[in-house]
Amino acid sequence: MAKKFYITTAIDYVNDDPHIGHMYEKVMADVIARHRRRMGDDVWFLTGTDEHGQKIERAAAKEGILPIELVDRVVAQYHELLRKLNISNDDFVRTTEPRHRIGVLELIRRIQERIPDDIYLGEHAGWYCQTEETFVPENQVRDGVDQDGHPVEWTTEKNYFFKLSRYTEPLLEHYRRNPDFVRPRTRLNEVVAFVEQGLRDLSISRTAITWGIPFPGNPDHVIYVWMDALTNYISALGFGSAEDERFRHDWPADVHLIGKDIVRFHAVYWPAFLMAAGVELPKQVVAHGWWLRDNVKISKSLGNVVRPHEIIDTFGVDPFRYYVVREMVFGQDANYSDQSFITRYNADLANDLGNTLSRALKMSDSYFGGKTPPVACDDNDLLRAAGALAPEYLRAMDELAFSRAMDVAWKLLVAVNGYIVSREPWKMFKETGADETLSRVIWNSLESLRIIWVMLAPVMPATAREALSRLGVDPEAIDAGALQWGKLPTNAPIRAGDPIFPRIDAAAYMGETKMEETKPSAGPPPIETTQAAPPDLARVSIEQFMEIDLRVAEVRAAERVPKSKKLIKMTVFTGEEERTLVAGIATKYTPEELVGRKIVIVANLEPARLMGIESNGMALAASIDGEPSLLSVDPNVPSGTKVK
Ligand code: MSP
């Protein structure tokens with residue numbers, strides 16, 4: 001019988017539209033679900049939305065609408081985005097649904113039935129954080145804010161409490177017995193340290209708000225939003241309903257995938273509720289890192305969001321999925337920028353992956369009449385490379401180290417490129433025609449590409465189908481055996497077609513000088529694999545620095561470059577002469593506000609052509625995630641003054 005595998009994501013607050021951080025998590029869960037399905041597991045993949053509580057109530061009040069109107073609207077956005085992103089969830093449960101309410105009430109009923117004093121009515125005074133909807137211990141409050149900088153208020157409440165303090169030891173025992181209960185290990189250590197301090201009872205009802213599930217027997221209170229939300233994982237399976245077979249079959253969850261900010265709720269409160277109710281605990285809580293912008297967490301409240309819609313509409317779904325999966329090393333944070341997106345797209349997808357596929361298909365197309373070659377091969381270097389890399393890939397996938405799994409696929413891609421370069425099939429064709437040796441060489445290249453696309457299929461499902469069908473392979477054939485060598489049919493019709501990932505014209509998109517330089521020079525398609533490397537921070541000597549001629553210059557005229565979103569053409573005076581400079585600053589500055597301004601330029605830069613205009617020098621600007629801020633000097637400093 002197939003092994004069951006139940007994976008959940010966090011259910012997002014629907015006080016605003018989703019951003020890249022929310023969708024990263026859903027993509028990551030989708031990659032896991034797709035991978036497990038093809039390995040033969042019986043997968044249940046749940047996601048949903050967290051629709052009760054103060055955040056929603058306030059956001060709706062701000063708009064002058066009812067909470068239900070707000071959540072209905074935002075949920076529609078969620079559904080659209082999940083569909084667009086090809087997320088293969090099996091269910092989606094809103095906490096406003098009746099089946100969810102049944103589950104929550106059943107959890108409370110079971111706790112009350114088993115250990116009656118685990119839930120009691122009590123009075124609590126303490127520092128209350130409205131952002132997190134939780135009381136914050138005294139020692140974590142300073143100058144009116146908690147450790148995360150959220151404001152706290154001294155509040156006295158008569159509430160229902162859950163006897164969390166009773167679970168300090170049972171939880172510690174559970175962590176000791178199950179060291180993989182929370183991953184990565186650093187997060188488990190944090191949880192253990194938190195619980196070791198001793199747990200305080202948890203307030204699980206609110207009277208100040210009405211938007212929630214009424215507390216059983218006392219409708220003046222609504223159930224604490226976190227208790228409500230966490231129960232989604234079991235209520236989704238029919239917990240407490242008349243026919244809860246699904247619950248018995250699928251619970252416990254194998255993986256709760258969440259962000260690192262909400263580990264405490266999942267690894268402390270939730271298991272304690274379940275212990276109290278006599279329900280089995282989830283097997284694992286997996287915490288991913290944060291998407292940042294300029295090293296700050298992307299969040300709705302900070303307003304620095306990146307919306308996936310625009311990226312997907314411009315570049316496609318699979319490049320977005322690939323980017324988020326490849327760029328974020330499991331458990332760590334990652335910075336989003338348009339520039340890193342475009343660099344990765346062009347280097348990894350358009351160049352490495354797309355070009356190699358086009359090249360190999362074109363050769364097969366022209367040497368073997370639009371088909372895969374007639375003779376296969378079962379003894380060669382690529383076969384050995386693929387054989388060694390497949391287990392490495394599977395290990396990385398099992399460890400949820402998708403970025404590393406992508407690296408493994410790229411190792412095979414590098415091997416294919418090296419193989420093609422060293423065999424020079426175009427020469428072979430010229431010298432001996434489409435003979436058996438050439439057939440083997442091309443077949444080996446295509447077969448390796450098939451395996452690469454099987455590796456990439458959970459991350460880029462739609463493009464993998466397309467690539468596999470171009471390779472003459474059944475696009476559905478991505479099961480557990482598909483990584484083995486030898487599955488590419490001979491004499492099967494192939495499609496060379498257009499590039500699978502058309503190159504992005506970075507300069508046109510960004511309108512920035514530095515992006516222009518990343519465009520490839522004309523000539524044969526590059527075939528080395530370009531992995532994004534950490535920036536080279538080598539030091540320069542003072543002599544080297546002095547070779548750069550930095551000068552103060554006055555902007556005498558400025559105009560926008562036609563058809564460019566970001567470029568401005570300036571005439572600047574350097575103390576000796578007027579010269580033309582083109583700078584990618586139009587998103588921030590109007591030509592009018594530039595004229596008369598003193599800026600700092602690199603005066604001895606080689607001329608560069610941008611949108612047909614010769615630029616003689618470069619204006620210095622700080623770049624805040626692509627948004628420029630020009631360096632300026634006191635207006636009294638004469639033009640031409642050296643800057644050092
Ligand atoms: N509603 C609660 C979760 C209840 S789960 C029973 C919640 N909602 S949230 O909308 O604030 O966050 C939902 C998920 O998105 C969380 O896992 C959170 O970590 C994740 N992210 C929100 N912003 C994020 C980033 N900037 N980067 C990555 N993920 C982050 O918490």
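Description of the structure in this document. Counting starts from 1 at the beginning of each chain's written sequence and moves along it residue by residue. Totals for whole chains, interfaces and linings use all residues, but because this is a predicted model, local features are given only for residues with pLDDT of at least 70 and pairs of side-chain atoms are given and counted only at 80 or more. Each side-chain value is derived from all of the structure's non-hydrogen atoms; neither hydrogens nor water enter the calculation.

1. Notes on the overall build of the protein
What counts is decided by this rule: Working definition: helices are DSSP H or I runs of at least four residues, strands are E runs of at least two. Numbering for both runs from the N terminus. We get accessible surface area from the Shrake-Rupley algorithm with a probe of 1.4 Å; when it comes to residues, only the shown protein chains can shield them. Residues scored as positive are Lys and Arg, those scored as negative are Asp and Glu, and His as well as the terminal groups of each chain are ignored. For charged residues, the charge sits on one atom: NZ in Lys, CZ in Arg, CG in Asp, CD in Glu.
In terms of regular secondary structure, the protein is built from 22 helices and 27 strands. The principal-axis extent of the C-alpha atoms belonging to the protein is close to 85 × 75 × 45 Å. On the protein, roughly 28200 Å² of surface is accessible, and the fraction owed to carbon and sulfur atoms is 52%. Positive and negative side-chain charges of the protein, numbering 76 and 93 respectively, have mean locations separated by a distance of 2 Å.

2. Section: the site of the ligand
The test is simple: Summary of the distance rule: residues count as near a molecule or strand when at least one heavy atom falls within 4 Å of that molecule or strand. Throughout this description, a polar contact denotes any pair of N or O atoms lying within 3.5 Å of each other; where both atoms belong to protein, one of them has to be capable of donating a hydrogen while the other can accept it, and for residues adjacent in sequence the pair is counted only when both atoms sit in side chains. Charged residues are taken to be Asp, Glu, Lys and Arg, nonpolar residues to be Ala, Val, Leu, Ile, Met, Phe, Trp, Tyr, Cys and Pro, and polar residues to be all remaining types, Gly included.
The environment of the ligand is made up of 25 residues, and the closest members are Ile11, Glu25, Asp50, Asp261 and Trp291. Residue His22 places a side-chain N or O atom 3.3 Å away from an oxygen atom belonging to the ligand. Take Gly259: an N or O atom from its main chain is 2.9 Å from an oxygen atom of the ligand. For the ligand, the protein covers 96% of the area, taking 650 Å² as the surface of the free molecule. Among the secondary structure elements, those contributing two or more residues to the shell around the ligand are β2 (12–13), α1 (20–38), α7 (225–230) and β13 (255–259). Class assignment for the residues of the shell around the ligand results in twelve nonpolar, seven polar and six charged.

3. Re the sheet that holds strand β11 (residues 214–215)
Quick note on the threshold: Should DSSP find at least two bridges between two strands, the strands are regarded as paired.
In space, the three strands of this open sheet follow the order β10-β12-β11, with antiparallel pairing throughout. Two strands lie at the open edges of the sheet, namely β10 (205–206) and β11, each paired on one side alone. Two strands pair when backbone bridges link them, and β10 and strand β12 (residues 218–223) are joined in this way by two bridges, in the antiparallel orientation. Bridge pairing links Ser205 to Ile223 in β12.

4. What about the packing of aromatic side chains?
Using the following cut-off: For Phe, Tyr and Trp, rings pair up if their centres lie within 6.5 Å, where Trp contributes its six-membered ring, and each pair is then called stacked (planes under 30 degrees apart), edge-to-face (over 60) or tilted (otherwise). Exposure is judged per residue with a 1.4 Å probe applied to protein chains only, and the accessible area is read against the type maximum: over 50% gives exposed, under 20% gives buried, and values in between give partly exposed.
Scanning all chains against the criterion turns up 24 aromatic pairs. A centroid spacing of 5.1 Å and a plane angle of 55 degrees characterise the contact between Tyr323 and Phe341, whose relative ring orientation is tilted. On the criterion of sequence distance, the pair formed by Tyr323 in helix α12 (residues 317–327) and Phe341 in helix α13 (residues 338–367) is long-range, its members being 18 residues apart. Here the two residues Tyr323 and Phe341 agree in accessibility, since each one is buried. Ring centres 4.3 Å apart and planes at 20 degrees place the aromatic pair Tyr367 and Phe429 in the stacked group. One end of the pair, Tyr367, is in helix α13; the other, Phe429, is in helix α16 (residues 425–432), with 62 residues separating them in the sequence. Judged by relative accessible area, which is 13%, Tyr367 ranks as buried. In this structure an aromatic cluster arises from ring pairing among Tyr24, Trp291, Phe315, Tyr323, Tyr336, Phe341, Tyr345, Trp453 and Phe501.

5. Overview of the nonpolar core
To keep things clear, this is the line we draw: Side-chain atoms within 4.5 Å link the members of a nonpolar core, which is a set of buried Ala, Val, Leu, Ile, Met, Phe, Trp, Tyr and Cys residues.
Counting residues in hydrophobic clusters, the biggest one holds 114 residues, and the most contacted among them are Trp291, Leu353 and Trp453. Residues Val182, Leu188, Leu199 and Tyr233 belong to the second largest nonpolar core, which totals 62 residues.

6. A few points about a nonpolar patch on the surface
For the record, the criterion: Nonpolar side chains (Val, Leu, Ile, Met, Phe, Trp, Tyr) within 5 Å and like charges within 9 Å form the patches, drawn only from residues with over 30% relative accessible area and no salt bridge. When a carboxyl oxygen of Asp or Glu lies within 4 Å of a side-chain nitrogen of Lys or Arg, that pair is called a salt bridge.
A contiguous nonpolar patch, built from Ile542, Phe545, Met546 and Ile548 and spanning about 340 Å² of accessible area, is present on the exposed surface. Within the secondary structure layout, Met546 lies in helix α21 (residues 542–546).

7. Examining the environment of His124
Condition: Any two residues whose heavy atoms approach within 4.5 Å are treated as being in contact.
Within the secondary structure layout, His124 lies in strand β5 (residues 119–129). In sequence terms His124 and Leu202 are 78 residues apart; their C-alpha atoms lie 9.7 Å from each other. In this structure, His124 is in contact with Phe135, Thr155, Thr156, Glu157, Phe161 and Arg200, ignoring residues within four places of it in sequence.

8. Let's talk about the packing of helix α11 (residues 308–315) against α12
Which entries qualify depends on this criterion: Note on definitions: angles span 0 to 180 degrees between N-to-C directions of axes, and those axes are lines fitted to C-alpha atoms, for helices only across the stretch in contact. The labels follow the angle: roughly parallel below 35 degrees, roughly antiparallel above 145, roughly perpendicular from 65 to 115, and oblique for the rest.
At a minimum axis separation of 7 Å, α11 and α12 run at an interaxial angle of 125 degrees. Relative to α12, the element α11 lies oblique. Judged by residue contacts, Pro308, Ile311, Ile312 and Phe315 of α11 engage Val317, Pro319 and Phe320 from α12.

9. Considering the environment of Leu353
If you trace the backbone, Leu353 turns up in helix α13. We classify Leu353 as buried; its relative accessible area is 0%.

10. Re the pairing of strand β20 (residues 578–584)
The buried count for β20 comes to five of seven residues, which makes it a mostly enclosed element. Here strand β19 (residues 567–573) runs beside β20; their pairing, made up of seven bridges, is antiparallel. Bridging from a neighbouring strand, Ile568 pairs with Ala583 of β20. Remark: four residues form the turn of the hairpin made by β19 and β20, two consecutive strands paired antiparallel; Gly575 in that turn has positive phi of roughly 95 degrees.

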